[in-house]
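Chain by chain, the residues:
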Amino acid sequence: MAELKVSRWRNFGHDRLYVNLPDGTAVAWADCRSGKVTVLVAEHHQEALALLKQRLADLPAPADPAPKRPPEAKRARPKPVSRPTPRKLPPLTSPDDLALNRPGSGIREMLRSKGPSRVRRMLDRLLRRKTEWDSWFKGLAGERIAGAELDRLRAQGWKVLHSIQLARGGDIDHLLVGPGGVFTVNTKNFQGKSVWVGDDMVKVDHGPPHPYPAKSRAEATYARGVLERYCPFPVEVEPVLVFVGVEELPKEATQLQVRVYRVREVAALGPLSGRLTPEQVDIVYAVARHRRAWLDSPWP
């Protein structure tokens, strides 16, 4: 049986214990405050449950609440912080409806306008000739594969958007909105490669570092700013990195700010809940699908 490791994660107001496989794949997690355990991989249910129960028992007991002050000593309650009035978007029209985008739409449009012709592409394949466009076609394939996996989550109450164009150029590959919150999803296609993920950088086959985790966090922060301009409530956004076709995916133990999955593992997001009500999901999705919300929000 694979050796499981337990690590603690504190962020976004949460305090959790995660049980991971040696390659970093999450098997189960527990909420340190409530003690509730969620198992993601049934194969390791018993072992993960035993590890989490042991670690939860070892955690220090919460401090006793401070004694209540007499009424005359009570401090005045701080006034609630008022949020800016949400901005309004114009009526949604088909050209501005991002729900019509297919996975990889941004890359597809770029290749259609600037890339090689179909004949040239076929000739390059026959001659096994590498070109400057190969990485773009590989990226397009990766976004299509990841997009198809994310679309499966619709059956569990999630809504998915693909290829969100940004005012500064570039795009967010996918945006996932549902009962478990909001996630920006950055897709990378490295067929047959070994990928190591650190706090801020990724290395492919021990090559030079790429700032994918840092970029994913920046995208999530930006998406939160965009959505909160138009939503009447705070919107937390978590970053996700999805790798397509990799053979190995080890992760640094401290890398907990970005969710990292193989493409077949994104189903682990499906059971998440408790972040947004159905009404909030509809509000966030209505904002996120409107192209003007993103084009009118410059990158900070």
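Before reading further, recall that the structure is shown in the block above.
Attention here is on the structure that accompanies the text. Note that the structure is a prediction, hence the values are computed from the model and not measured.

1. Brief notes about the pairing of strand β7 (residues 181–189)
- For β7, the tally of buried residues reaches nine of nine residues, placing the bulk of the element in the interior.
- If you look at the hairpin formed by strand β6 (residues 171–178) and β7, you'll find two residues sitting between the two strands.
- Of the strand pairs in this sheet, β7 and strand β11 (residues 237–244) are connected by eight bridges, and their pairing is parallel. By the bridge assignment for β11, V185 is matched with V240.

2. Describing the packing of aromatic side chains
- In total, this model carries four aromatic pairs according to the counting rule given.
- Both rings, one in Y222 and one in W294, keep their centres 6.2 Å apart while their planes meet at 55°; by these two values the pair is tilted. Pair noted here: Y222 is in helix α5 (residues 212–230) and W294 is in helix α7 (residues 291–295), with a separation of 72 residues, a long-range link. The exposure classification of Y222 matches that of W294, with both residues buried.
- Taken together through their ring pairs, the aromatic side chains of F190, Y212 and F243 make up a single cluster.
- Against the face of Y285 rests K159, its NZ or CZ located 5.2 Å from the ring centre.

3. Here's the deal with the environment of V39
- Topologically, V39 is positioned in strand β4 (residues 37–39).
- Each C-alpha atom of the pair V39 and A28 lies 4.2 Å from the other, and the pair is 11 residues apart in sequence.
- Once residues lying within four places of it in the same chain are set aside, the contact partners of V39 are V27, A28 and H45.

4. Observations regarding the pattern of salt bridges
- Under the defined criterion, the tally for this structure stands at 14 salt bridges.
- For D200, the salt bridge goes to R217, with nearest N and O atoms at 2.4 Å. Of the two residues, D200 is situated in the loop between β8 (195–197) and β9 (202–204) and R217 in helix α5; the sequence distance between them amounts to 17 residues.
- What makes R217 partly exposed here is its relative accessible area of 22%.
- A salt bridge links E238 to R259, with the shortest nitrogen-to-oxygen separation between them at 3.2 Å. Within this pair, whereas E238 is found in strand β11, its partner R259 is found in strand β12 (residues 259–262), the two being separated by 21 residues in sequence. In terms of burial, E238 and R259 fall into one category: buried.

5. A word on the sheet that holds β6
- The strand order across the open sheet built from five strands is β5-β6-β7-β11-β12, with neighbouring strands paired in mixed fashion. The open sheet is flanked by β5 (159–165) and β12, the only strands paired with a single partner. Ignoring which end each strand starts from, the neighbouring axes of this sheet average 30° apart.
- Its contacts with the sheet put α5 on β6, β7 and β11, and the angle it makes with β11 is roughly 140°.

6. Overview of helix α6 (residues 278–288)
- Within the span of α6, buried status applies to V281, V284, Y285, V287 and A288. The buried side chains of α6 occupy one side of the element, clustering within an arc of 160° when seen end-on.
- In this structure, the buried residues of α6 make contact with β5, β6, β7, α5 and α7.

7. Description of the sheet that holds strand β10 (residues 209–210)
- With respect to topology, three strands assemble into an open sheet ordered β8-β9-β10, the strand pairing being antiparallel. The open sheet has two edge strands with one neighbour each: β8 and β10.
- Here two bridges tie β9 to β10, and the two strands are oriented antiparallel to one another. Each residue of the ladder has a partner; that of V202, found in β10, is H210.

Each value, and the rule that gives it
- Residues numbered from 1 in each chain as written.
- Predicted model: local features only at pLDDT ≥ 70, side-chain atom pairs only at ≥ 80, totals over all residues.
- Heavy atoms only, no water.
- Buried < 20%, exposed > 50% of the residue type's maximum accessible area, 1.4 Å probe, protein only.
- Helix = DSSP H or I, 4+ residues; strand = E, 2+ residues; numbered from the N terminus.
- Pairing = 2+ DSSP bridges.
- Phe/Tyr/Trp six-rings, centres within 6.5 Å; stacked < 30°, edge-to-face > 60°.
- Lys NZ or Arg CZ within 6 Å of the ring centre and 35° of its normal.
- Contact = heavy atoms within 4.5 Å.
- Salt bridge = Lys/Arg side-chain N within 4 Å of Asp/Glu carboxyl O.
- Axes fitted to C-alpha atoms, helices over the stretch in contact; angles between N-to-C directions.
- Arc of directions from axis to C-beta.

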